[in-house]
Structure formats: structure tokens, C-alpha cells
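# An overview of the molecular structure
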Amino acid sequence: MKHSRVIVRMVIQETEMLKPASKFNGTEVHIGDKVVKIGGEIPELLQGEKLIRYTNSVCPYCERLLPAIIVERENKLYIRKKCPEHGVIEDLYYGDASMYYKFMKYAEEGRGTYPYVPVTAPCPFSCGLCSLHKNHTALLNIVVTNRCNLSCWYCFFYADKVGYVYEPSIDEIRNQVRQVKKQNVTIAVQLTGGEPLMRDDLVDVIKALKEEGVRHIQLNTEGVAIAEVYLENPDLAVKWVRELREAGVNTVYLSFDGVTPKTNPKNHYEIPFIFDAFRKAGMTSVVLVPTVIKTVNDHELGKIVEFAARNRDIVRSVNFQPVSLVGRLRMSDVNRFRITIPDVINLVEEQTRGMISKDSWYPIPVAAKFAKFIEAVTKKEQFYMANHIACGAATYIFVEENNGKVIYHPVTEYIDVEGFIETLDNLASKVESKGKVLTYIQLLSLLRKLPSFIKKDELPTGTRISSLIRKVLLERNYDALGEFHYNTIFLGIMHFMDQYNYDVERVMRCNIHYALPDGRIVPFCAYNVLNDVYRDYALKKHSVPIEEWAKTAHPHRYGVKDKHIPDIRRYKEHQLYVNTYKYFMEPKSN
């Protein structure tokens, strides 16, 4: 019988570091107020299976760090581990093995990043970040409050559930931004919660981020507070949104789980009023964020894309998030709700009548290929998205309407994406060590070759895709990328992990991070999945009991209630509601 202890790599960095978060004695990790056991038996490969690779994972019942295998069976990938106490645990890892192999050719290793803590335990119990981590921070999540006006069953956390209120001061938020500055990368921040709109000083928080040099600010919200205000005073709601935009919000990352009340109980009735406030306030960069749950809303993915297309004056993107099954569930429930990236891709193809085919999608590291070329040309370090290929996928679509019907054209209709990326990759290696003159010659060579990659040039908007790409290559800045985005709808899928499908190789490549109040930077799937040793442990130390908070709480300056109770009748009878959902309403039976 084979046994293996988890391999531990210790890399010492000579730099100023924070106090270690954990201690490791060879068999156990002491972290926070928890003791985590390490190691176990390597699971057996079963008949008819193909071994894809070894990794490490955690037991969803005791969090023991275990060796794991990823195997192919019947064109699907599964992750399996064996806990000495809880036995064999297997979960679906990736719903289409063929797609996994196709994406593998775009895999990137990552380059490492600035370490904040020494390596004192095996990953993921030494965050963060430590010298084992392979990616810089691309998006820093800052929790501005854990208060929320909703109580969604699949939410990671909120104040009512945990019994305390965490709400950092503006100076504490500034310090969190200053920590990520040490990485010397362009700073993008997502303000999250809880529900950030519960803070009535949110405008001041955003202004502070801009003062700290944050380039891109994204507001993660369900938006119902805006609709609540709108229903009583539309002008006040518009004023509030305009204040947020003028303070510095670039993008609203808006929860949107479906087009019906059943699939989207969170904010279905409120969306029309939120959108009207956005339009009138000039908030024109909205990302719809559906949490995708099998058997709950996976039949509406095509309609969600259509909803985005019909509101493309303000909606720039749909970012599907297959549900992360946090908490303790029966494996029958895990299997019932589990959906993976290729499952979403295949359903989008089916529900858009083949217009957005599965061949239109590419994994996140494709962006790293583009970044390497820009780096080679400019000799300046760029955003390097070397996430694991199982973390996400994306495509761009162009939209036209014909007689009231929406028609989608994926980017692959207009450009040979694979040929273009391969050429960028080859040119990057050629110019990496060349001088400015030779580099400029190679850039001109690419621009001359550009027409050979164009399949169809004119977009439904009348713009030429060759012009947009040429501008991005020549100007290589935020504004040029923004112009490209405003001519398209970006479709993304980001699958955050849980303890059932946890893969340490993925968390080591994560570039969506959280700032902790003690100065650490922690990967998303360590922060939210191992929440008892990261999120909850750290935030509770900097919080106050909810009863104490209630004694000093003051009314929200815009009149937002602590818990949102929708006035469904008033919402449904409003013309905004009818106009927003007219393409999605079931016809009334006689």
C-alpha cells in the first residue's frame, strides 16, 4: 500500500516580512486557533481510468491536507483523495476532458510575486502571499463591510450568520492598498462585502482608493439598495449612483442569477430600477455575475446572455461563476449542484442555438501570451494572467439585432485567434532580448501580418476589428483596451473552488486576492474556502459583536434598510419592469 506525505517546499526570501501565519512540525500545522493534520495515502487508480496528474487537496470534513489524483474517466476529469478518518472522497473536477487537453497548450507557469510572509507550512496553510505563490495580484478584493441586506443560502459570509460586524476604517483600507503596492503592478481593486452599499461613506472610501493610485475600481454589489431608494425617490437614487461614478467607480460587478423570479430571487424585481439609475447617472460599465447552480438556474444561461445583449448600452460583460459549495454537504447534494466550466460552455452553445460555440472559448492564460508580447515590445512588466487553465475561460461576442431577434457573432468569426496568439508567442521570444530598433521592426511585421488573421473585418457596430486590434498593439494602454471592450460583450467563466474539488496547484496560481486587516494578501480560494483559518479568523479579531454594533449604528444617509423586503407589487406594476423583461416574460394563458 502506497503512502505519501505531502511534499513541502520551503523557499527562504531575504526581505522584510510579516509575522508567520502558521507553524509546521512535520505532521501538523498550527494556524489561527486550529490544528490541521498533514498527509495521507495516495488514492488508487481504478480500472478504466487515466491518471492526469498528482496534486494536493483537503478533506472537506476535517481540512486535513491530502495527496490527491486527478483522473480521466468517460471524457470527464475527477479529483480523488483519501482521508484516514473520512475515507475516499471524489468530486467532478472538469466536465470535458477533451476541452481540458485543448486548453493545456495555453498553460503558463507564472513568475512568482512579492512575498509578505515566510514559508512556514505547506500550501495552502502559509498564506499570504508566500514565495511559493506563482502570480501577482491582478484584482485585490477589499471587504469594506460584512453587513448585508440579503441572506442568500450560498453566500460565503455575512454579519447575521457570523455574529459580528467587520467594517474597516478608511485609513485601514488605505493600508491594505499600500500593501499590494509593494508588488509594483497596476492596482485594480474590487470593493466587496457583505454588501458595500450598506456603508454610507462608500463614496469617501472610493475617493481614498483613487488618492492611493488605484487604477481600476470595481464595485461588487447586488444593487437592491439602489432600487429601494429609487422606488421612493428616483432622483436621489440617480444622485447616489452618480456620486459613486464620479468618485471613481469604473465597473459595477452586479449579481444577476437569471431572468425570472425563481432563478433570481436576489434582485429580479429590482434590476429594472437599478439599470435606470445606472443609465441616468452614466454608469455604463456593468458586469452581470450569475452564480450558476446545476438544477437551479443552468437552464437560463442563454437568456442571461440575451439579457446582457439587450442592455449592451450599459452591460459590458457576463461573468458566470459555477457555484462554490461551501459548508458541509452530503455528496448527493454536491453531485446535484456541481457544474464546471465546460458544462457552462456547452450549455451556452446549446441555449444560443450554436451561435456561441464551445470552440469560441479560451482559458485565462491566453491573456498571458498577449502580455508577454507587450512586455517584449515595451520592456515593461505587464499584467501576467498565468492562472491555472481550470480556473476560468472567456470569449468575446459581437451583437446585432434583426427584427427583434438577437444574433451573436463570437470573436472567432472575425479573427483566427489561435494563429494570432501563436504568432504573438513566437514574436515575443524573438524580440525579448533585442534592442529598440529590432523590436520596432518586429512590431511592424506583426501589423503587416494582421490582415492574414482577419476572417471578417467589419463588426455589427460598423467598426473594423483590425482597427481595434491595431490600436491596442500600438497604444498598449487602458483606453485602447476600453475601446475594444465597448464594441463587444465579454463572456467569462470563473470557477472558484470549494473543499470537495480543492486543488492546491490552482490556488498557487491564483491572482484574485483578498487583503486581510493584518497586512497579508490571501488567494481567493484560500480566503473563502479555508475561511476558519483565514477570513473568519482574521476578520473576527478586527470586529465588534453584532449586538454592540447595533447600539452605535446610525441610519443610512440614503435611507437604506438593514434588511431588504421587496415591495413586489409596486415593482411589477411599474412600466420599467414591463419594459425590461418584455422579451423574457411567459405569455399569459387565456
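Just above sits the structure.
Once a new chain begins, its residue numbering starts again from 1 and follows that chain's sequence as written. In keeping with the model being predicted, local features are shown solely for residues with a pLDDT of at least 70 and side-chain atom pairs are shown and tallied solely at 80 or more, while totals for entire chains, interfaces and linings include all residues. Processing note: side-chain calculations cover all non-hydrogen atoms of the structure and skip hydrogens and water entirely.

## Describing the sheet that holds strand S9 (residues 87–94)
Under the convention used in this document: For two strands to be treated as a pair, DSSP must find no fewer than two bridges joining them. Helix numbers and strand numbers start at the N terminus; a helix is a DSSP run of H or I with at least 4 residues, a strand a run of E with at least 2. All axes are obtained by fitting lines to C-alpha atoms, using only the stretch in contact for helices, and the reported angles, taken between N-to-C directions, cover 0 to 180 degrees.
Taken in spatial order, the four strands line up as S6-S7-S8-S9 in an open sheet, and their pairing is antiparallel. In this open sheet, the two strands that pair with only one neighbour each are strand S6 (50–58) and S9. On average, each strand axis in the sheet is tilted by 25° relative to the strand beside it, whichever way the strands run. Two elements, strand S8 (residues 76–83) and S9, share seven bridges in a ladder whose sense is antiparallel. Across the sheet, Lys82 pairs through a bridge with Val88, a residue of S9.

## Notes on the pattern of salt bridges
Threshold: Salt bridge, as used here, is a side-chain nitrogen of Lys or Arg placed within 4 Å of a carboxyl oxygen of Asp or Glu. For the exposure calls, accessible area comes from a 1.4 Å probe over protein chains only, and a residue counts as buried if that area is under 20% of its type's maximum, exposed if over 50%, partly exposed in between.
The tally for this structure, following the rule as stated, stands at 39 salt bridges. Residues Lys369 and Glu108 are paired through a salt bridge, measuring 2.8 Å at the closest nitrogen-oxygen approach. Highlighted residues: Lys369 in helix H11 (residues 366–378) and Glu108 in the loop between helix H1 (97–104) and strand S10 (139–143), separated in sequence by 261 residues. Across the pair, exposure class does not vary: Lys369 and Glu108 are buried alike. If you follow the salt bridges from partner to partner, you end up with Arg174, Arg178, Lys181, Glu211 and Glu212 in one network.

## Re the side chain of Asn319
The cut-off we apply is this: Between N or O atoms, a polar contact is any pair within 3.5 Å; within protein, one atom must be a potential hydrogen donor and the other a potential acceptor, and residues adjacent in sequence are included only when both atoms are from side chains. Two residues form a contact once any of their heavy atoms are found within 4.5 Å.
Tracing the sequence through the fold places Asn319 in strand S17 (residues 315–322). Polar side-chain contacts of Asn319 include one of 2.5 Å to the side chain of Tyr253. Excluding residues within four positions of it along the chain, Asn319 makes contact with Tyr253, Val287, Leu288, Val289, Pro290, Gly492, Ile493 and Met494.

## Re the sheet that holds strand S3 (residues 28–31)
Reading across from one edge, S2-S3-S4 is the order of the three strands in this open sheet, with antiparallel pairing throughout. Both outer strands of the open sheet, strand S2 (22–24) and strand S4 (34–37), are each paired with one neighbouring strand and no more. Each adjacent strand pair in this sheet contributes to an overall mean axis angle of 20°, direction not counted. Bridge analysis of S2 against S3 gives three bridges, and the strand direction is antiparallel. In the strand pairing of S3, Ser22 is matched with Ile31.

## Examining the environment of Thr113
Its place among the elements puts Thr113 in the loop between H1 and S10. Classification of Thr113 by relative accessible area gives buried; the value is 17%. Remark: the alpha-carbon pair of Thr113 and His136, spanning 23 residues in sequence, is separated by 5.0 Å. Discounting residues that sit within four places of it in the chain, Thr113 has contacts with Leu129, His133, Asn135, His136 and Gln183. A distance of 3.3 Å separates the side chain of Thr113 from the side chain of Gln183, its partner in a polar contact.

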